[in-house]
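Here are the chains, one letter per residue:
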Amino acid sequence: MADAPINPLDLLLRSQQIALKLTTDVLKGVRDTAVTGVTQPDELARQVGDLAGAVAGMAGAVTSLAGATAQPLQDFIVRQRELADTVHTLAEAQAELASVVAKLAERHAEAVAALEKVTAPVFAIVGTEPTAPKTRAAKKSAAGQRTSRSTTSSTSATPKP
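Bear in mind that the values here come from a model prediction, so they are computed numbers and not experimental data. (Residues numbered from 1 in each chain as written. Predicted model: local features only at pLDDT ≥ 70, side-chain atom pairs only at ≥ 80, totals over all residues. Heavy atoms only, no water.)

Caption draft 1: Fine view of the overall build of the chain. Per the secondary structure count, the chain includes three helices and zero strands. Among the 161 residues that make up the chain, the fraction classed as buried is 6%. Surface exposure of the chain reaches about 13200 Å², of which carbon and sulfur atoms provide 66%. (Helix = DSSP H or I, 4+ residues; strand = E, 2+ residues; numbered from the N terminus. Buried < 20%, exposed > 50% of the residue type's maximum accessible area, 1.4 Å probe, protein only. Areas by Shrake-Rupley, 256 points an atom, 1.4 Å probe, with all protein chains shown as cover.)

Here's what the structure looks like:
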């Protein structure tokens, strides 16, 4: 039979049942001791010893109860702290990676702009249009460049007085 994981709630419930039984036994012992003390003094001494044993057992049960409920909660809190630290480390790594990728994109854009400056006269002489970009970012960039070119060319085409 495979070892089943311990359910903390079941453990808590069992501990409470044991503590309740011990408390009931102690209260019965106190009642019986009061009756016996009057009628049988020797029996009183024995019952006081039994009562002391029951109280010691109840203290052990209370300690067990506290340990049974506190340890799983403590373990859970420790695991959550570890998870939070791991997520923080991941966030830092992703921030660094985003910075590196942004720098790479910036340098690549500069390289593409330099290539366009070099090849633009060749395209103009040959009479071809550059191939339209296929990515969303490239289309956005190309649209912005066309707008600035048309503004520049329309300004330069306007005759000066």
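Caption draft 2: Here's a closer look at a nonpolar patch on the surface. Among the surface-exposed residues, Leu73, Phe76 and Ile77 lie close enough to one another that they form a single nonpolar patch of about 310 Å² accessible area. Mapped onto the elements of the fold, Ile77 is located in helix α2 (residues 41-126). (Patch = residues over 30% accessible without salt bridge, like charges linked within 9 Å, V, L, I, M, F, W, Y side chains within 5 Å. Salt bridge = Lys/Arg side-chain N within 4 Å of Asp/Glu carboxyl O.)

Caption draft 3: Local environment of the confidence of the model for the chain. Here the chain averages 75 in pLDDT, and 65% of its residues register 70 or above. By mean pLDDT, helix α3 (residues 136-157) is the weakest element of the chain at 61, and α2 is the strongest at 81. Low pLDDT, under 50, characterises residues 154-161; the stretch is placed with zero contacts to residues that sit more than four places away or in other chains. (pLDDT = per-residue confidence, 0-100. Contact = heavy atoms within 4.5 Å.)

Caption draft 4: Here's a closer look at the pattern of salt bridges. Within this structure, the stated rule accounts for one salt bridge. Between Arg79 and Glu82 there is a salt bridge, and its shortest N-O distance comes to 3.6 Å. One end of the pair is Arg79 and the other is Glu82, both in helix α2 and three residues apart, which spans about a single turn. Given the relative accessible area of 48%, Arg79 is considered partly exposed.

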